[in-house]
Amino acid sequence: MNIPLNIDWQQILLSLFNFAILAVGLYLLLYNPVKKFMEERKAHYQALEEKASETKKLIESLKQEYEKRIAEAEDELRAKRLAVEKETREQAERELIEAREQAAAVLVRAQGAAREEKTRLLEEARRELADIVVGATQKLIAASSSAETDSALYDKFLAVAGKGEPQP
Amino acid sequence: MKTKKLSKRAVVGIVILMAALLVGIFLIKPVETGVTLPELMRDAVLHEEDRVNFLGIKAVNPALISSFVLTAALLLIAGALRIFVIPKFKYVPGKLQILLEKLVDYFDSLAKTNSPHKNGFLGAYAFAAGVYIFLGTLMELFGIQVIAVSGASVRLPAPLADINGAIALGCLSYCVILSGGVIANGTRGIGRALKEFSLPISMSFRLFGALLSGLLVTELVYSVIFLSFVLPVVVAVLFTLLHALIQTYVLTLLTCVFYGEVTEPPEKKEKKKKKRIAKGDIEAESLGG
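Source: prediction; values computed, not measured. (Residues numbered from 1 in each chain as written. Chains lettered and ligands numbered in written order. Predicted model: local features only at pLDDT ≥ 70, side-chain atom pairs only at ≥ 80, totals over all residues. Heavy atoms only, no water.)

(A) Quick peek at the overall build of chain B. For chain B, the count of helices and strands is 10 helices and 4 strands. For chain B, the α and β elements follow one another from N to C terminus as α-α-β-β-α-α-α-β-β-α-α-α-α-α. Counting every position in chain B, which comprises 289 residues, the buried fraction comes to 38%. Put simply, 69% of the contacts in chain B that link residues at least 6 apart link residues at least 24 apart. As displayed, chain B offers around 17,100 Å² of accessible surface, 70% of which is attributable to carbon and sulfur atoms. (Helix = DSSP H or I, 4+ residues; strand = E, 2+ residues; numbered from the N terminus. Buried < 20%, exposed > 50% of the residue type's maximum accessible area, 1.4 Å probe, protein only. Contact = heavy atoms within 4.5 Å. Areas by Shrake-Rupley, 256 points an atom, 1.4 Å probe, with all protein chains shown as cover.)

Written out as structure tokens, the structure is:
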């Protein structure tokens, strides 16, 4: 049968055979290996991504735990600081009171000592003054007494005593 | 300084050579083949005169030889790539790796996007068909010569510029669609594929017509001597590249779209039942109202 347009069944079948060889060859040599490699790479990067997301989750949980611990530590630190501050304040107050007491005692002692010193100094001054007065008196007496004055005085005394008049 | 002088000399030499060639072209008398333009074009379509001996078995159209040459060349290249390039593929790809991956990925995603069901084989088929059509069309540019049975020298055309080659690929694409329908939906799939009974004819003749028109336009341009300068750079290279791309895209896309249609799973009966019940309710209400 003469088919128009020079259509030839044998050539069509030969073309089909040729294309089938080409398709199978390209599939085995190029398409499949390249696709496999691409899938392998995709799986590799997916695994990496999953690992990264897991690590991220782990990091986030660690971060949360860390933040929680930090918060706890801060609370603890704050409480300790408050306790220390309180203790320090109390200690300071105690020491202040003690110091005040000590100061008061020192003051009392000092006052006592000062008083004693004053008394002692007054005593000493009195004694010295008495000594000075006695010395001066003695000197005065020594300067004013002589045999004539003594006898005059003695005479005067006798005269007064003889009259029976009281002494002025 | 020396390199500048050398480059100047090279340019002058090339200009003189081109001028000499131009003079030679116009001085030499063209060989009278005794073939008129209509005869030339008829032969480009029907290949009645320029048949080539195929392995001593049969005289065939030169496009069939083209297809076998192309297959051999492609398989050689693919084999070389498989042995020397693919084992050295890296996770961070180089230029050739990117090209190969893009090529495979393009046809794979074309198959997956247009045919979401049972598309494992379709991507590989689209890849082979696409490479065959694109590189086969580019064969026009190489102008490989073979000796015809008549003893004349014949330029190997694109494999699909032959009606037999185009029918083969068109019918094979239809068979792929049909087989996809059978695998996915059984007899329903056959029915769906047979509904598109004109598909093998349209696919075949679309390919044949598109590629033949390119060939005929090129033949026409070359038949006029003053159009044989400069213009073929545009006509032969750009047009060939353009229609190679277009035909590759069209055939692979059409195959994937029709494959997607016939492999689409049928709607569930329950939904239809529910629809019927709902429809019945509405009708009953309207009657009651």
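Here the narrative resumes, following the displayed structure.
(B) The arrangement of the interface of chain A and chain B in detail. Contacts between the two partners involve 32 residues from chain A and, on the opposite side, 47 residues from chain B. When the buried surface of chain A facing chain B is broken down by residue, Gln 11, Phe 19 and Tyr 31 of chain A rank first, second and third, together holding 19% of it. Our enumeration of links across chain A and chain B arrives at 3 salt bridges. The partner of Asp 8 of chain A in a salt bridge is Lys 58 of chain B, with the nearest N and O atoms 2.9 Å apart. For the pair chain A and chain B, the number of links is 9 residue pairs in polar contact (both at pLDDT 80 or more). Here the residues of the side of chain A that touches chain B are counted per class, giving 21 nonpolar, 7 polar and 4 charged. (Buried area = accessible area lost by both parts, 1.4 Å probe. Salt bridge = Lys/Arg side-chain N within 4 Å of Asp/Glu carboxyl O. Polar contact = N/O pair within 3.5 Å; in protein donor to acceptor, adjacent residues only side chain to side chain. Nonpolar A, V, L, I, M, F, W, Y, C, P; charged D, E, K, R; others polar.)

(C) Local environment of the packing of helix α1 (residues 9-144) of chain A against helix α6 (residues 163-185) of chain B. As a packed pair, α1 of chain A and α6 of chain B sit with axes 8 Å apart at the nearest point and diverge in direction by 60°. By the angle between their directions, the pair α1 of chain A and α6 of chain B is classed as oblique. Viewed along their axes, α1 of chain A and α6 of chain B form a crossing whose handedness is right-handed. Here Gln 11, Ile 12, Ser 15, Leu 16 and Phe 19 of chain A of α1 of chain A come into contact with α6 of chain B, specifically with Asn 164, Gly 165, Ile 167, Ala 168, Leu 169 and Leu 172 of chain B. Residue composition of the contact of α1 of chain A with α6 of chain B, grouped by class: 7 nonpolar, 4 polar and no charged. (Axes fitted to C-alpha atoms, helices over the stretch in contact; angles between N-to-C directions. Parallel < 35°, antiparallel > 145°, perpendicular 65-115°, else oblique. Left-handed = near helix turned anticlockwise from the far one by under 90°.)

(D) Seen up close, the environment of Leu 55 of chain B. Residue and element names in this part refer to chain B. Along the polypeptide, Leu 55 turns up in the loop between β1 (52-54) and β2 (58-60). Assessed through its relative accessible area of 70%, Leu 55 is described here as exposed. On a C-alpha basis, the gap between Leu 55 and Ile 65 in space is 9.9 Å, while along the polypeptide they are 10 residues apart.

(E) Quick peek at the nonpolar core. Ranked by internal contacts, the top residues of the largest apolar core, which has 72 residues, are Phe 19 and Leu 26 of chain A together with Phe 127, Leu 169 and Leu 207 of chain B. Top element by residues in this core is helix α5 (residues 120-142) of chain B. It accounts for 11 residues. Aside from chain neighbours lying at most four places away, what touches Leu 169 of chain B is Phe 19 of chain A together with Tyr 125, Tyr 132, Ile 133, Leu 160, Leu 207 and Leu 251 of chain B. (Core = buried A, V, L, I, M, F, W, Y, C linked by side-chain atoms within 4.5 Å.)

(F) Expanded view of the packing of aromatic side chains. This model, assessed by the stated rule, comprises 11 aromatic pairs over all chains. Between Phe 121 of chain B and Tyr 125 of chain B the ring centres are 6.3 Å apart and the planes differ by 35°, which places this aromatic pair in the tilted class. Of this pair, Phe 121 of chain B and Tyr 125 of chain B both sit in helix α5, 4 residues apart, which is roughly one turn of the helix. Taking relative accessible area as the criterion, Phe 121 of chain B reaches 48% and is therefore assigned partly exposed. Assessed through its relative accessible area of 4%, Tyr 125 of chain B is described here as buried. Site record: aromatic cluster; members linked through ring pairs are Tyr 27 and Tyr 31 of chain A together with Tyr 106, Phe 107 and Phe 127 of chain B. (Phe/Tyr/Trp six-rings, centres within 6.5 Å; stacked < 30°, edge-to-face > 60°.)

(G) Just the side chain of Asn 61 of chain B, in detail. Note on placement: Asn 61 of chain B falls in the loop between β2 and α3 (62-85). Taking the relative accessible area as the measure of exposure, Asn 61 of chain B reaches 0% and is therefore buried.

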